[in-house]
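What follows is the residue order along each chain.
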Amino acid sequence: MIKIFIILCINLHLFATPNIEWFQGYNGSAEESHGHYILTCQDGGFLQIGETNFLPNSKIYVVKTDSDGDFLWSREINIGGHNLGNSAIELDDGYLISGALNRNSALIKLNKETGETIFSETFNNGGTDAFEHAAVTPNGIVAVGYVYAQDSNNTFYTEGQGFLMFLDNDANEINSINLNTYISQAYRVQYLNQELIISGLSEEAFDFKVIKMSLDGDILWHQSYGGNDYDHCFGMDINTNGDIFLTGHTLSGTANWDTYTMKLDNNGNLLWQQKVGNPRGFNPQFIHDEAWGIKATNDGGCVTIAGTGDEYNYSECNGNDCSDTWNAYLIKFNNDGLVEWDETYSSLDLFNYAYDWAGEDIDLTSDGGAIIAVDNGEFGFLKLSNVQNSILGDINSDSSINILDVVLLVNIILGIDQGIGADINQDGDINIIDVVQLINICLLYTSPSPRDRTRSRMPSSA
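Residues numbered from 1 in each chain as written. Predicted model: local features only at pLDDT ≥ 70, side-chain atom pairs only at ≥ 80, totals over all residues. Heavy atoms only, no water.

1. Remarks on helix α2 (residues 403–414)
Which entries qualify depends on this criterion: Helix and strand labels come from DSSP, where a helix needs a run of H or I of at least four residues and a strand needs a run of E of at least two; each type is numbered from the N terminus. A helix is expected to span 1.5 Å for every residue after the first. Relative accessibility decides the category of a residue: with a 1.4 Å probe and only protein chains considered, values under 20% of the type maximum give buried, values over 50% give exposed, and everything between is partly exposed.
Between its first and last C-alpha atoms α2 spans 17 Å; for 12 residues at 1.5 Å apiece the expected length is 16 Å, and the two agree. For α2, the complete set of buried residues consists of Asp405, Val406, Leu408, Leu409, Asn411 and Ile412.

Here it is, written out as structure tokens:
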């Protein structure tokens, strides 16, 4: 019985190699468009945000697709020439875009079905300023970004001052805080357990920076992470345990820019850090590996998305794959920070010619896959399968198997809910037999073992 139990527990985790399911690309009115952020939507579709054209003549560009990447709607939004589409979050009644309009911080709420503007609010917070990201709290909206940019035409690191604003649900300002004492550019914010986690770059982009703040604006702790050279932090995510994942790229102790990913506990203690790069084996002195997005996975690890290529008068080729053609670069880290796998994706995977595919952001999908924002001169939507280890019986995707999964499965059978992975015995039907099998799995999964089974686009400072 013990042997059967151990085999069953091992087989609860189904491992597979990520594969391309599909790719779609969309362009705005300018010759080129470039996305910065991608979102898996509640309706199963995807939203990508960025700009069409380049600063100082850019427009915010937003594209919504269905679950197959087919076009639903797009918007171009601008006031004057300096406009930024930096990120988005989904609300019950719309998508909230963070960015800038005419050099001023902006929050724009769009209708989910049509993309029409519900509201557009701008704030002159000081000099050239922008919001990078926002989060919803019980008190309203929190938006973070920068003010007084010194390098105002840089899309990524502006050498400004970190900034935070508290707003109500209609984007009316309640109060704001200059964070320059702690952070040079606030890039991401998430709300968890009545607190805010804010990440970004320290002064001159020398270190990763993280701040934990109360909803009253009190700094609970702040920490810097990095080495003796430039460390650029652009991505953050938090898992259900409160662990914090950061990613970006570094010159500290590397031949050139390498991806730099780390995991912290919720008190800011460093659990692990990894520098990874040059997946195609070219001369590392010429290769940039620039990470921009990260997502926590259900096994305590994470996936990091980057671009890999060279930015010099140098080119080396392995067959049709050449170093000066950028690839999307995806890295999977396990709970302990070890690389489980890494993969590169390029136009050669689907077409007979090579052009740049740089990974810009990533979000996970409910089927265990992922959607990646690819900069290929337009908004590229790259759908992958098998990115996250699936757990048989984890109906609600909370990385555990318990009575909540049983309740959800019963609701699926009754037609109250819909869910992926509900056919536990994989016989093509969802019925009471699946409930019985899930209860058995649940009992085994939660029972103690006889043994303890705990078992460039580079910033100017570059």
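Having seen it, we continue.
2. Observations regarding the pattern of salt bridges
Working definition: two side chains of opposite charge can pair if their charged atoms are close together. What counts, and what does not: Only one rule defines a salt bridge in this text: a Lys or Arg side-chain nitrogen within 4 Å of an Asp or Glu carboxyl oxygen.
As enumerated under the stated definition, the model contains 11 salt bridges in all. A salt bridge links Lys64 to Asp43; the nearest nitrogen and oxygen atoms lie 2.8 Å apart. Placement of the pair is Lys64 in strand β5 (residues 59–65) and Asp43 in the loop between β3 (33–40) and β4 (46–52), with a sequence separation of 21 residues. A relative accessible area of 51% places Asp43 in the exposed class. A salt bridge links Lys263 to Asp243, with the nearest nitrogen and oxygen atoms 3.9 Å apart. Of this pair, Lys263 sits in strand β21 (residues 258–264) while Asp243 sits in the loop between β19 (231–238) and β20 (244–250), and the two are 20 residues apart along the sequence. For the pair Lys263 and Asp243, one class covers both residues: buried. Connected through shared salt-bridge partners, Glu21, Asp367 and Lys383 make up one network.

3. Here we look at the sheet that holds strand β14 (residues 173–178)
Rules: Note on pairing: DSSP must find at least two bridges between two strands before they are called paired. Each axis is a line fitted through C-alpha atoms, and for a helix only the stretch in contact is used; angles between axes span 0 to 180 degrees, taken between their N-to-C directions.
Pairing within the open sheet is antiparallel, and its four strands lie in the order β11-β12-β13-β14. Each edge of the open sheet is held by one strand with a lone partner, namely β11 (130–137) and β14. Ignoring which end each strand starts from, the neighbouring axes of this sheet average 20° apart. Strand direction decides the pairing type here: strand β13 (residues 161–167) and β14, joined by five bridges, are antiparallel. Considered in β14, the bridge of Leu167 is made with Glu173.

4. What to know about empty space enclosed by the protein
Convention followed: Any residue with an atom within 4 Å of a point lines the site, the site being either a cavity, points on a 1 Å grid over the protein atoms alone where a 1.4 Å probe fits but cannot get out, or a pocket, an open set with protein on both sides within 12 Å along at least 5 of 7 lines. Grid points are joined across faces, edges and corners, and a volume is the space filled by probe spheres set on the points. When residue character is reported, Ala, Val, Leu, Ile, Met, Phe, Trp, Tyr, Cys and Pro are called nonpolar, Asp, Glu, Lys and Arg charged, and the others, Gly included, polar.
Looking at the largest cavity, its volume works out to about 110 Å³. Surrounding the largest cavity, His36, Asn86, Glu132, Thr155, Phe156, Tyr187, Arg188, Phe234, Trp292 and Glu360 form its lining. Per-class residue counts for the lining of the largest cavity are four nonpolar, three polar and three charged.

5. Looking at the environment of Gln285
Keep this limit in mind: Two residues form a contact once any of their heavy atoms are found within 4.5 Å.
Turning to its location among the elements, Gln285 is positioned in the loop between β22 (270–276) and β23 (287–296). Along the backbone, Gln285 and Asn256 are 29 residues apart, and their C-alpha atoms lie at a distance of 5.5 Å. Leaving out residues up to four positions away in the same chain, Gln285 has contacts with Ala255, Asn256 and Tyr312.

6. Considerations on the state of the cysteines
How we decide: Any pair of cysteine sulfurs within 2.5 Å is marked as a disulfide.
Scanning all chains against the criterion turns up one disulfide. The side chain of Cys317 participates in a disulfide bridge whose partner is Cys322; the two sulfur atoms lie 1.9 Å from each other. Its S-S torsion of approximately 105° makes the covalent link between Cys317 and Cys322 right-handed. Take Cys317: its relative accessible area is 40%, and that puts it in the partly exposed class. Its relative accessible area of 15% is what places Cys322 among the buried residues.

7. Looking at the pairing of β4
The buried fraction of β4 amounts to seven of the seven residues, a majority that puts the element mostly inside the structure. Sheet topology note: the β3/β4 ladder contains seven bridges and is antiparallel. The residue of β4 that forms the bridge with Leu39 is Leu47. Remark: five residues form the turn of the hairpin made by β3 and β4, two consecutive strands paired antiparallel; Gly44 in that turn has positive phi of roughly 90°. Direction of pairing for β4 relative to β5: antiparallel, over a ladder of seven bridges. Looking at β5, one finds that Phe46 is bridged to Thr65. From the end of β4 to the start of β5, which pair antiparallel, there are six residues, and Asn53 there has a positive phi angle of about 75°.

8. Focus: the confidence of the model for the protein chain
Rules: Every residue gets a pLDDT, meaning the predictor's confidence in that residue, from 0 to 100.
Residue-level pLDDT values for the protein chain average 89, and 86% of them are 70 or greater. Confidence drops under pLDDT 50 across residues 1–14; counting only partners more than four residues distant or on other chains, this segment forms 16 contacts. Contacts of residues 447–462 to residues separated by more than four positions or lying in other chains number 36 contacts, the stretch itself having pLDDT below 50.

9. With respect to unusual backbone geometry
Omega for the bond connecting Leu55 with Pro56 falls within 30 degrees of zero, at 10°, which places this linkage in the cis form. Even without being a glycine, Glu159 presents a positive backbone phi close to 55°. Mapping Glu159 onto the fold places it in the loop between β12 (140–147) and β13. Residue classification places Glu159 among the partly exposed positions, given a relative accessible area of 26%. In this model, Asn193 sits at a positive phi of 55°, which is unusual for a non-glycine residue. Topologically, Asn193 is positioned in the loop between β15 (185–192) and β16 (195–201).

10. Some words on the packing of aromatic side chains
Two measures describe an aromatic ring pair: the distance that separates the ring centres and the angle between the ring planes. Applied cut-off: In this analysis, rings of Phe, Tyr and Trp, with Trp reduced to its six-membered ring, are considered paired at centre separations within 6.5 Å, and the interplanar angle assigns stacked below 30 degrees, edge-to-face beyond 60, and tilted for intermediate values.
Throughout the structure, instances matching the rule amount to 17 aromatic pairs. An angle of 75° between the planes, with centres 5.9 Å apart, marks the rings of Tyr26 and Phe381 as edge-to-face. Here the residue Tyr26 occupies a position in strand β2 (residues 19–26), and Phe381 occupies one in strand β31 (residues 379–385), the gap between them amounting to 355 residues. Ring centres of Trp73 and Tyr95 lie 6.5 Å apart, and the angle between their planes is 40°; this geometry places the pair in the tilted category. With Trp73 in strand β6 (residues 71–77) and Tyr95 in strand β8 (residues 94–101), the pair connects residues that are 22 residues apart, well separated along the chain.

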